[in-house]
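What the coordinates show
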Amino acid sequence: MLKIGHVQLGTNLLLAPIAGYCDLAFRLVCRRQGGVGLACTDLLSPQGLLRGTATSLDLARTNDEDKPVGMQLYGGIPEIMAEGAVWAAEHGATIVDINMGCPVDKVTKKDGGSKLLCIPDTTAEIVRRCRRALEPYNIPLTCKMRLGWFNDQPIAEKLAPRLIDEGVQAVTIHGRTTEQKFMGVVNLDGIKRVVEAVGNHCKGAGLNVPVIGNGDVREPGDAKAMLDATGCAGVMIGRGALSTPWLFRDSWSVITTGTHAPEPSTSEKLEIVRQYMRFMLQFRDEHYCMFQIRRRISWFGKRLGKELDHRGRPVGCRGLKEAVRAARSPDEVYAALEKFEAGGLRGIDSVEATAEAAG
Ligand SMILES: Cc1cc2nc3c(=O)[nH]c(=O)nc-3n(C[C@H](O)[C@H](O)[C@H](O)COP(=O)(O)O)c2cc1C
């Protein structure tokens with residue numbers, strides 16, 4: 001089983017940070033489904049946390065059920081990152097993670113995110129300072145990186161061992177480069193090379209630092225396939241969880257018993273959406289809840305309306321998505337979910353219909 005520093009996880013599956021998506025409400029939805037060994041906050045600005053800005057505090061919100069939790073910091077200034085690490089340690093983090101993978105200009109222009117792959121001395125200094133700052137709290141430090149910045153320059157396999165020497169206790173590797181952003185498919189060979197480089201380094205140094213693979217896990221069999229293909233010690237799941245919050249439970253079932261659990265029923269899936277709404281209303285407010293559900297119903301919709309019509313085609317959930325996007329209150333969303341449960345609000349999206357008509 002996966003252990004990060006002294007923190008023993010219940011499974012070796014982790015919920016990834018997805019800025020704007022993996023809030024406390026969603027982390028709890030995934031945890032209630034089972035199989036989540038660790039969940040991570042979205043990337044947090046240490047300056048925002050230290051100043052106590054409302055946005056940063058909302059993003060860092062956690063509670064007793066939301067454990068173990070990684071708090072992810074981004075930035076390029078070692079002192080401030082270390083102060084942010086202390087803030088996280090004092091506000092409920094089980095683990096502190098440093099973002100070394102974000103490809104967004106706003107972040108990389110300030111030496112944060114995947115820019116850290118290109119400035120290894122600064123990155124090592126950040127790790128050293130954070131490690132030292134976290135020592136009194138006995139909280140492990142981890143990092144999440146990409147394979148490199150440019151497609152033809154693998155950096156992670158060299159940088160990861162160096163950062164382990166500075167005190168990083170787990171490395172998550174997203175099998176893409178910054179240049180790729182989110183395009184193409186995950187490079188399992190690239191992840192494997194990082195696993196091997198870290199393994200060789202640790203053997204020599206008498207250490208045991210897990211490498212966690214990440215990228216494109218969408219179906220329960222994908223996590224096991226990544227473990228088998230790369231030798232990684234754990235798997236982090238991002239976008240797959242947005243449509244399939246039960247993916248951790250089902251992936252864990254495949255990993256531990258080789259069995260594929262049956263897909264939840266439509267009623268169970270709708271109850272997950274309701275639960276997510278209730279958590280958002282509990283932790284935030286109606287405005288936030290409506291903003292999130294309107295944009296996220298298409299993610300949940302990927303797993304709804306799968307039953308087949310008399311011609312053998314999925315019935316779809318276009319009507320539900322339209323009704324939720326048009327809803328003006330949580331009650332209207334609940335009403336739409338009820339109508340769908342009763343058999344209404346079906347229909348396939350026009351793009352799907354066009355594709356089908358084109359054969
Ligand atoms: C919209 C979006 C926001 C993301 N935000 C973060 C983030 O805050 N921190 C981070 O380390 N990675 C972030 N990622 C990257 C994911 O954690 C993950 O590495 C990537 O999506 C590949 O994994 P997946 O295929 O399982 O989603 C983000 C990805 C997306 C699509």
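What you are looking at is a predicted structure, and each value in this text was computed from that prediction instead of being measured.

Quick look at the domain arrangement of the chain
Split into domains, the chain comes out as domain 1 (3–257) and domain 2 (266–353). Once you take the C-alpha centre of each, domain 1 and domain 2 turn out to be 30 Å apart. Contacts between the two partners involve 21 residues from domain 1 and, on the opposite side, 16 residues from domain 2. Carbon and sulfur atoms supply 60% of the area that domain 1 and domain 2 bury against each other, a total of about 1800 Å² over both sides. Linking domain 1 with domain 2 are two salt bridges, by the criterion used here. Notably, a salt bridge pairs E219 with R303, separated by 3.1 Å at the nearest N-O pair. Our count for the contact surface shared by domain 1 and domain 2 stands at 10 residue pairs in polar contact (both at pLDDT 80 or more). Among the elements of the structure, α1 (24–33) and α10 (239–243) are those that each provide at least two residues to the side of domain 1 that touches domain 2. A per-element tally of the side of domain 1 that touches domain 2 places α1 first, with seven residues. Of the residues contributing to the side of domain 1 that touches domain 2, the split by class is nine nonpolar, five polar and seven charged.

Brief notes about the packing of aromatic side chains
In this structure the tally under the stated criterion is three aromatic pairs. Measuring from ring centre to ring centre gives 5.9 Å for F26 and Y276, while their planes differ by 85°; the resulting arrangement is edge-to-face. Here the residue F26 occupies a position in helix α1, and Y276 occupies one in helix α12 (residues 266–283), the gap between them amounting to 250 residues. Residue Y276 is classed as buried on the basis of its relative accessible area, which comes to 0%. Here the aromatic rings of F279 and F283 are separated by 5.8 Å at their centres, their planes lie at 10°, and the arrangement is stacked. Of this pair, F279 and F283 both sit in helix α12, four residues apart, which is roughly one turn of the helix. Its relative accessible area of 7% is what places F279 among the buried residues. Through successive ring pairs, a cluster of aromatic residues spans F26, Y276 and F300. The ring of F340 has R346 lying over it, and the distance from NZ or CZ to the ring centre is 3.7 Å.

A closer look at the side chain of D349
Within the secondary structure layout, D349 lies in the loop between α15 (330–341) and α16 (350–357). A residue is classified by how much of its surface remains accessible, and D349, at 19% relative accessible area, is buried. Side-chain polar atoms of D349 contact the side chain of K321, separated by 2.8 Å.

Comments concerning the state of the cysteines
Summed over all chains, the structure comprises zero disulfides. There is no disulfide at C143, and the cysteine sulfur nearest it, in C130, is 11 Å away. Left without a disulfide partner, C317 is nearest to the cysteine sulfur of C289, which lies 18 Å away. Residue classification places C317 among the buried positions, given a relative accessible area of 4%.

Considering the site of the ligand
Around the ligand, a shell composed of 16 residues is seen, among which P17, Q72, N214, D216 and R239 lie nearest. In the environment of the ligand, a nitrogen atom lies 3.2 Å from a nitrogen or oxygen atom belonging to the side chain of N99. Within the side chain of N214, a nitrogen or oxygen atom sits 2.5 Å from an oxygen atom of the ligand. A total of 610 Å² of accessible area belongs to the ligand in isolation, and the protein chains cover 87% of it. Each residue belonging to the shell around the ligand can be placed in one class, and the counts come to seven nonpolar, six polar and three charged.

Concerning the pattern of salt bridges
The tally for this structure, following the rule as stated, stands at 25 salt bridges. A salt bridge links E332 to R328, with the shortest nitrogen-to-oxygen separation between them at 3.0 Å. It is possible to trace a salt-bridge network through shared partners that takes in E125, R128, R129 and E166.

Overview of unusual backbone geometry
P68 follows K67 through a cis peptide bond whose omega is -5°. In this structure, P68 sits in the loop between α3 (54–60) and β5 (69–73). Residues other than glycine seldom take positive phi values, yet K181 does so here, at roughly 50°. Take K181: its relative accessible area is 44%, and that puts it in the partly exposed class.

About the thresholds
- Residues numbered from 1 in each chain as written.
- Predicted model: local features only at pLDDT ≥ 70, side-chain atom pairs only at ≥ 80, totals over all residues.
- Heavy atoms only, no water.
- Domains from an automatic or database assignment.
- Contact = heavy atoms within 4.5 Å.
- Buried area = accessible area lost by both parts, 1.4 Å probe.
- Salt bridge = Lys/Arg side-chain N within 4 Å of Asp/Glu carboxyl O.
- Polar contact = N/O pair within 3.5 Å; in protein donor to acceptor, adjacent residues only side chain to side chain.
- Helix = DSSP H or I, 4+ residues; strand = E, 2+ residues; numbered from the N terminus.
- Nonpolar A, V, L, I, M, F, W, Y, C, P; charged D, E, K, R; others polar.
- Phe/Tyr/Trp six-rings, centres within 6.5 Å; stacked < 30°, edge-to-face > 60°.
- Buried < 20%, exposed > 50% of the residue type's maximum accessible area, 1.4 Å probe, protein only.
- Lys NZ or Arg CZ within 6 Å of the ring centre and 35° of its normal.
- Disulfide = S-S within 2.5 Å.
- Near = heavy atom within 4 Å.
- Areas by Shrake-Rupley, 256 points an atom, 1.4 Å probe, with all protein chains shown as cover.

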